[in-house]
Amino acid sequence: MAPATPSRLPTSSRLPGDRPAVAPLSGLVPARDRSLPVEPALTGLLPDAGLRRGHVVGCGGVAARSLALALVARAVGEGAWLAVVGLPTFGVEAAIEYGVAPERIVLVDADGVDEWAD
């Protein structure tokens, strides 16, 4: 049996309501090219005026945790998730005060992380 050629494929696939079964992808932007939003006052701290997907942002100094929470609050408020790894003293209450929904926080214990590499 010969493989299907473009001329043998259906010319039109429609869903109920006369909607096309396949939508064009030309207007979509890959997730890696979209930044997660931050509060306008903090956009100057980041090269893309937002949090780039797939990248790590480090915060240091006496207000590091407060700055980190301020950076993620808007993105989490718009549906993103917050993963906190290896920080057993992370303050969920403080995150809530910044507007971070506690149900969108994932706490990961990093004990024994050196053993994972073996």
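What you are looking at is a predicted structure, and each value in this text was computed from that prediction instead of being measured.

J.: Break down the overall build of the chain for me, citing the residues and quoting the values.
T.: Assigned secondary structure in the chain consists of three helices and six strands. Each helix and strand of the chain, placed in order from N terminus to C terminus, yields the pattern β-β-β-β-α-β-α-β-α. Per-residue burial for the chain yields a buried fraction of 17% across its 118 residues.

J.: Break down the pairing of strand S5 (residues 82–85) for me, citing the residues and quoting the values.
T.: Because side chains alternate across S5, one face comprises the buried residues Leu 82 and Val 84, and the other comprises Ala 83 and Val 85, none of which is buried. Sheet analysis places S5 next to strand S6 (residues 105–108), joined by four bridges and oriented parallel. Bridged to Leu 82 within S6 is Ile 105. Where the polypeptide runs from S5 across helix H2 (residues 92–97) and back to S6, its parallel neighbour, the crossover connection is right-handed.

J.: Give a detailed account of the layout of surface pockets, specifying residues and quantitative values.
T.: What the largest pocket holds in volume is close to 800 Å³. Surrounding the largest pocket, 30 residues form its lining, Val 57, Ala 68, Val 72, Leu 82 and Ala 83 being those nearest its centre. For the lining of the largest pocket, the element with the most residues is helix H1 (residues 64–77), which contributes eight residues. Among the residues making up the lining of the largest pocket, the classes are represented as 22 nonpolar, four polar and four charged.

J.: Help me get a handle on the pattern of salt bridges, residues and values and all.
T.: Working definition: two side chains of opposite charge can pair if their charged atoms are close together. Summed over the entire model, instances satisfying the criterion amount to two salt bridges. Note that Arg 52 and Asp 48 form a salt bridge whose closest N and O atoms lie 2.9 Å from each other. Here Glu 78 makes a salt bridge to Arg 74, at a shortest N to O gap of 3.2 Å. The class of Arg 74 is partly exposed, set by a relative accessible area of 32%.

J.: Could you give me a rundown of the environment of Leu 82, with the residues and numbers involved?
T.: Of note, Leu 82 is situated in strand S5. Given a relative accessible area of 13%, Leu 82 falls into the buried group. Along the sequence, Leu 82 and Ile 105 sit 23 residues apart, while their C-alpha atoms lie 4.8 Å from each other. In this view, Leu 82 contacts Leu 69, Val 72, Val 76, Phe 90, Val 100, Arg 104, Ile 105 and Val 106; residues no more than four positions away in its chain are not counted.

J.: Can you tell me about H1, naming the residues and giving the values?
T.: With 14 residues, H1 should cover 20 Å at 1.5 Å per step; its first-to-last C-alpha distance of 20 Å lies within 8% of that length. Approximately 30° is the largest bend angle found in H1, and it occurs at Leu 71. The set of residues buried in H1 consists of Ala 64, Leu 69, Ala 70, Leu 71, Val 72, Ala 73, Ala 75 and Val 76. Residues of H1 that are buried sit in contact with strand S3 (35–36), strand S4 (51–52), S5 and H2. Phi turns positive one or two residues past the end of H1, at Gly 79, with a value near 115°.

Cut-off values and rules
- Residues numbered from 1 in each chain as written.
- Predicted model: local features only at pLDDT ≥ 70, side-chain atom pairs only at ≥ 80, totals over all residues.
- Heavy atoms only, no water.
- Helix = DSSP H or I, 4+ residues; strand = E, 2+ residues; numbered from the N terminus.
- Buried < 20%, exposed > 50% of the residue type's maximum accessible area, 1.4 Å probe, protein only.
- Pairing = 2+ DSSP bridges.
- Right-handed = clockwise from strand over helix to strand, strands pointing away.
- 1 Å grid on protein atoms, 1.4 Å probe; cavity = no way out; pocket = protein on both sides within 12 Å on 5 of 7 lines; lining within 4 Å.
- Points joined across faces, edges and corners; volume = space filled by probe spheres on them.
- Nonpolar A, V, L, I, M, F, W, Y, C, P; charged D, E, K, R; others polar.
- Salt bridge = Lys/Arg side-chain N within 4 Å of Asp/Glu carboxyl O.
- Contact = heavy atoms within 4.5 Å.
- Expected span 1.5 Å × (residues − 1).
- Bend = angle between axes of the 7 residues up to and from the residue.

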